[in-house]
Amino acid sequence: MNARSSALDIPRIFNITESAHRIHNPFTPEKLATLGAALRLEAGTRVLDLGSGSGEMLCTWARDHGVVGTGIDLSRLFTEQAKLRAEELGVADRVEFIHGDAAGFVSGEKVGVAACLGATWIGGDVAGTIELLAQSLRPGGIILVGEPFWRQLPPTEDVARGCLAGSISDFLLLPELLASFGRLGHDVVEMVLADQDSWDRYEAAKWLTMRRWLEANPGDEFATDVRAKLSSEPERYATCTREYLGWGVFALMTR
Ligand code: SAH
């Protein structure tokens, strides 16, 4: 999802289509675990997560690696789910979830890992988000950015819009994206990439959620929108996003 919104919450459509997601990006639990292991996290490492969604990264890394940390998210529902997940995994004493706008958020205590996965509009763009995250980072810390790239260049602007991009120029090819981090003064020290199967987990999971929601909320003012989306999404996704859009998390350290 990719929308800024009012001070109160994100647009309702995301709270509907992603209500059953634990991970609100094209990563599986396995890929999230791979990333946590790849970073060689030490127990006690402080992690900041801007746009923390339902908190799966912080909660599982607190359980598996003993990290501590804070997540900020604009969705009331997702933040509530994050708090419940922390209870469920027994890490509520190690992770904190704040409902709010993460734009401009700088942590009081410096962190070892500062992350923004799939929400880089929070800092305006990728460069702005890296700059924002850097303000919370201790020397030698790691910045994590989760960002789309083109697996292959869309042949037309229509296909780019079918990938829900504004235009082809919104995203780079992977080598260009990696080079852009260098130009911003950072080494890319690790990366974990989504693949088509993990994209399916993010996108196709929305379809069953929409179907169930429609059955439970037939008279809702949003039902027409959700109905239209459920009817068109599988074909749009298979034609565009699944073929053309990549996504990955990139670990950066200042040069
Ligand atoms: N990083 C999470 C969520 C990614 S989806 C994950 O990987 O699961 C993008 C998230 O950004 C959503 O949870 C949305 O609610 C949140 N968001 C959008 N605008 C925001 C803002 N201005 N401040 C904080 N969170 C925001």
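Everything here concerns the structure above.
Residues numbered from 1 in each chain as written. Predicted model: local features only at pLDDT ≥ 70, side-chain atom pairs only at ≥ 80, totals over all residues. Heavy atoms only, no water.

**As for helix 3 (residues 56-65)**
Thought 1: By the criterion of burial, helix 3 is predominantly enclosed, with seven of the 10 residues buried.
Thought 2: Taken as a whole, helix 3 has its buried residues at Glu 56, Met 57, Leu 58, Cys 59, Thr 60, Trp 61 and Ala 62.
Thought 3: Just beyond helix 3, the residue with positive phi is Gly 66, at close to 70°. (Buried < 20%, exposed > 50% of the residue type's maximum accessible area, 1.4 Å probe, protein only. Helix = DSSP H or I, 4+ residues; strand = E, 2+ residues; numbered from the N terminus.)

**Describing the packing of aromatic side chains**
Thought 1: Within the structure shown, the criterion is met by six aromatic pairs.
Thought 2: With a centroid separation of 6.4 Å and 65° between ring planes, the pair formed by Phe 149 and Phe 250 is classed as edge-to-face. With Phe 149 in strand 5 (residues 137-150) and Phe 250 in strand 7 (residues 245-254), this residue pair connects regions lying 101 residues apart in the sequence. Residue Phe 149 shares its accessibility class with Phe 250, and that shared class is buried. (Phe/Tyr/Trp six-rings, centres within 6.5 Å; stacked < 30°, edge-to-face > 60°.)

**Focus on the pattern of salt bridges**
Thought 1: Within the structure shown, the criterion is met by 16 salt bridges.
Thought 2: A salt bridge links Glu 56 to Arg 85; its shortest N-O distance comes to 2.8 Å. Of this pair, Glu 56 sits in helix 3 while Arg 85 sits in helix 4 (residues 76-88), and the two are 29 residues apart along the sequence. Side by side, Glu 56 and Arg 85 carry an identical accessibility label, which is buried.
Thought 3: Of the charged contacts, one joins Glu 203 and Lys 206 as a salt bridge, the two residues approaching to 3.3 Å between their closest N and O atoms. Of the two residues, Glu 203 and Lys 206 both sit in helix 8 (residues 196-216), three residues apart, roughly one turn of that helix. The pair Glu 203 / Lys 206 is uniform in exposure class, with both members buried. (Salt bridge = Lys/Arg side-chain N within 4 Å of Asp/Glu carboxyl O.)

**With respect to the site of the ligand**
Thought 1: Every one of the 21 residues lining the ligand counts as a neighbour, but His 24, Asn 25, Gly 51, Asp 73 and Asp 101 are closest to it.
Thought 2: In the environment of the ligand, a nitrogen atom lies 2.8 Å from a nitrogen or oxygen atom belonging to the backbone of Ala 102.
Thought 3: A per-class count over the shell around the ligand returns 10 nonpolar, eight polar and three charged. (Near = heavy atom within 4 Å. Polar contact = N/O pair within 3.5 Å; in protein donor to acceptor, adjacent residues only side chain to side chain. Nonpolar A, V, L, I, M, F, W, Y, C, P; charged D, E, K, R; others polar.)

**Notes on the pairing of strand 7**
Thought 1: In terms of residue burial, strand 7 counts as a mostly covered element, since eight of its 10 residues are buried.
Thought 2: Relative to strand 7, strand 5 is paired through eight bridges, and the arrangement is antiparallel. Paired with Trp 150 across the two strands is Leu 245, which belongs to strand 7.
Thought 3: Taken together, the seven bridges between strand 6 (residues 186-193) and strand 7 define a ladder with antiparallel strand orientation. By the bridge assignment for strand 7, His 186 is matched with Thr 254. (Pairing = 2+ DSSP bridges.)

**Describing the nonpolar core**
Thought 1: Counting residues in each nonpolar core, the largest one holds 42 residues, and the members touching the most others are Phe 27, Leu 35, Leu 39, Trp 61, Val 95, Leu 144 and Trp 150.
Thought 2: When residues in this core are grouped by element, the largest group, five residues, is from helix 3.
Thought 3: Residue contacts for Leu 39: discarding those within four places in its chain leaves Trp 61, Ile 142, Leu 144, Glu 190 and Ala 251.
Thought 4: Formed by 22 residues, the second largest nonpolar core is a distinct cluster that contains Leu 50, Ala 114, Val 126 and Phe 250. (Core = buried A, V, L, I, M, F, W, Y, C linked by side-chain atoms within 4.5 Å. Contact = heavy atoms within 4.5 Å.)

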